[in-house]
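Chains, contacts and geometry: an overview
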Amino acid sequence: MLPNKIDIRTLNIDQIKEAITAMGEPAFRSKQIFEWLWQKSATDFDMMTNLSLPMREKLKEQFCIRPVTIFKTQISSDRTIKNAFQLHDAHIIEGVLIPTSERMTACISSQVGCSLSCKFCATGYMDRVRNLDASEIYDQVVLLANQAKENYGIPLSNIVYMGMGEPLLNYKNTLASVEKITSPQGLGMSPSRITVSTAGIAKMIRQLGDDEVKFNLAVSLHAANDIKRNEIMPINETNTLEILSDALLHFYEKTKSRITFEYIVFDNFNDSIEDARELYNFCKKIPSKVNIIEYNPISNADFMNTGVDKLEIFKNFLERKGIIVNIRRSRGKDIDAACGQLANKQ
Ligand code: SF4
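Read on for an overview of the structure. (Residues numbered from 1 in each chain as written. Predicted model: local features only at pLDDT ≥ 70, side-chain atom pairs only at ≥ 80, totals over all residues. Heavy atoms only, no water.)

1. Some thoughts on the nonpolar core
Test applied: Residue types Ala, Val, Leu, Ile, Met, Phe, Trp, Tyr and Cys, when buried and joined through side-chain atoms within 4.5 Å, form a set referred to as a nonpolar core. Partly exposed describes any residue whose relative accessible area lies between the buried limit of under 20% and the exposed limit of over 50%, with all areas from a 1.4 Å probe on protein chains only and scaled to the type maximum. The helix and strand labels rest on DSSP assignments: H or I over at least four residues marks a helix, E over at least two residues marks a strand, and numbering proceeds from the N terminus.
The biggest cluster of nonpolar side chains holds 103 residues, and the ones touching the most others in it are Ile-8, Ile-33, Leu-59, Phe-120 and Phe-261. Residue contributions to this core peak at nine residues, all from helix α4 (residues 134–152).

Shown next, in the form of structure tokens:
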């Protein structure tokens, strides 16, 4: 790619229209080009067969398309598929396809690395390199949707922004990618099938409320006590539980969308009845449910899953108090594809 070429997918349809009319081409071609870029995921101008050859050449002179490609794929014994995706500047990110009996879920990344340094997460031990563009987030969904059809003959049903990076620290591109995924000019998926997961960036959670987004919001909570949460999630030092809870209430008031709290129950860290009580006291303030996530130990940290009996007591305590609790078993552990394990090991 020549450095003076612009990635055409950074332009909106009006900007494409302006560019092609300046080339002397009719304005209606912009709609065709836009469809090729997003709905049909064209990776080359020569795929745009309803454009004339001279027009394709003119586009190639000014613009480029920078698709994400698959660098490596691993398939777990439980059928989970982990991909190392390569970006145009050679950076690698990871995305996972998770088939279950009810769903076909794509777990995608929003940044190269992450700046938040959560102590239980493999990505947290990497540096944040850069944000992904909206097209780089979108391409992961397209590639995983293709894998879902090719490997399992089932279309994608859900998308979770739970891979590498903090999506709300890449706010503009995260929202732009959701817009493309949900738009009829893109993949036409319902926003109710999309969940954006955050470590708890209060200011941007408020912004999501002000923007009245239609997708689901999940918060990686993992402790409902500031001292413990500071210990495992340094973001809590500036975004305390009180600040977080105010932001979530604001989000709920604006969107009427119930929050999902993700909670990993670590052995001898946050698995006591007192911890469950603190979690209940935090949750009861906000319309919400709790997903208890099975932990996958990583080499950088000493955390372990709590025992089965303690987990049952913890869950029962919350349920008796009227909290909706789901237990999410890990998938793809044998290929380091499970929650918190994405770290570009290849
Ligand atoms: S859990 Fe999420 S926010 Fe925390 S370090 Fe990992 S990728 Fe970043």
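2. Examining the packing of aromatic side chains
The condition is simple: Only Phe, Tyr and Trp rings are paired, with Trp represented by its six-membered ring, and only when their centres lie within 6.5 Å; those with planes under 30 degrees apart are stacked, over 60 edge-to-face, the remainder tilted. Here, a charge over a ring means that NZ of Lys or CZ of Arg falls within 6 Å of the ring centre while also lying within 35 degrees of the ring normal.
Taken as a whole and assessed by the stated rule, the structure comprises nine aromatic pairs. Between Phe-266 and Phe-269 the ring centres are 6.2 Å apart and the planes differ by 70°, which places this aromatic pair in the edge-to-face class. Residue classification places Phe-266 among the buried residues on the basis of a relative accessible area of 0%. Judged by relative accessible area, which is 12%, Phe-269 ranks as buried. Taken together through their ring pairs, the aromatic side chains of Phe-120, Phe-266, Phe-269, Tyr-295 and Phe-303 make up a single cluster. A cation sits over an aromatic face here: Lys-180 above Trp-38, 4.8 Å from the ring centre.

3. Things to note about helix α6 (residues 202–210)
Threshold: Arc definition: directions from the helix axis to the C-beta atoms. Working rule for contacts: check all heavy atoms of both residues, and any pair within 4.5 Å makes them a contact.
Buried within α6 we find Ala-202, Met-204, Ile-205, Leu-208 and Gly-209. Buried residues along α6 cover an arc of 165° about the axis, so they all sit on one side. Buried residues belonging to α6 abut α5 (171–182), β10 (194–198), β11 (216–220) and α8 (241–255). One or two residues past the end of α6 sits Glu-212, with phi positive at roughly 50°.

4. A short note on the site of the ligand
Selection rule: If a single non-hydrogen atom of a residue is within 4 Å of a molecule or strand, that residue counts as near it. All amino acids are sorted into three groups, where Ala, Val, Leu, Ile, Met, Phe, Trp, Tyr, Cys and Pro are nonpolar, Asp, Glu, Lys and Arg are charged, and the leftover types, Gly among them, are polar.
Surrounding the ligand, one finds Cys-114, Leu-116, Ser-117, Cys-118, Cys-121, Thr-123, Gly-124, Gly-165 and Ala-199. Taken together, the residues that form the shell around the ligand break down as five nonpolar, four polar and no charged.

5. Some details on the pattern of salt bridges
Here is the rule: By definition here, a salt bridge exists when the distance from a side-chain nitrogen of Lys or Arg to a carboxyl oxygen of Asp or Glu is within 4 Å.
One pass over the full model with this rule turns up 16 salt bridges. Note that Arg-66 is salt-bridged to Asp-7, the shortest N-O span being 3.5 Å. In this pair, Arg-66 sits in the loop between β2 (63–64) and β3 (69–75) while Asp-7 sits in strand β1 (residues 6–7), placing the two residues 59 residues apart along the sequence. Of the two residues, Arg-66 and Asp-7, both sit in the buried class. With a shortest N-O distance of 2.9 Å, Glu-25 and Lys-58 are connected by a salt bridge. Of this pair, Glu-25 sits in the loop between α1 (13–22) and α2 (29–39) while Lys-58 sits in helix α3 (residues 53–62), and the two are 33 residues apart along the sequence. Look at Glu-25 and you get buried, because its relative accessible area is 14%. Bridged by salt links that share partners, the residues Asp-46, Arg-56, Glu-57 and Lys-60 form one connected network.

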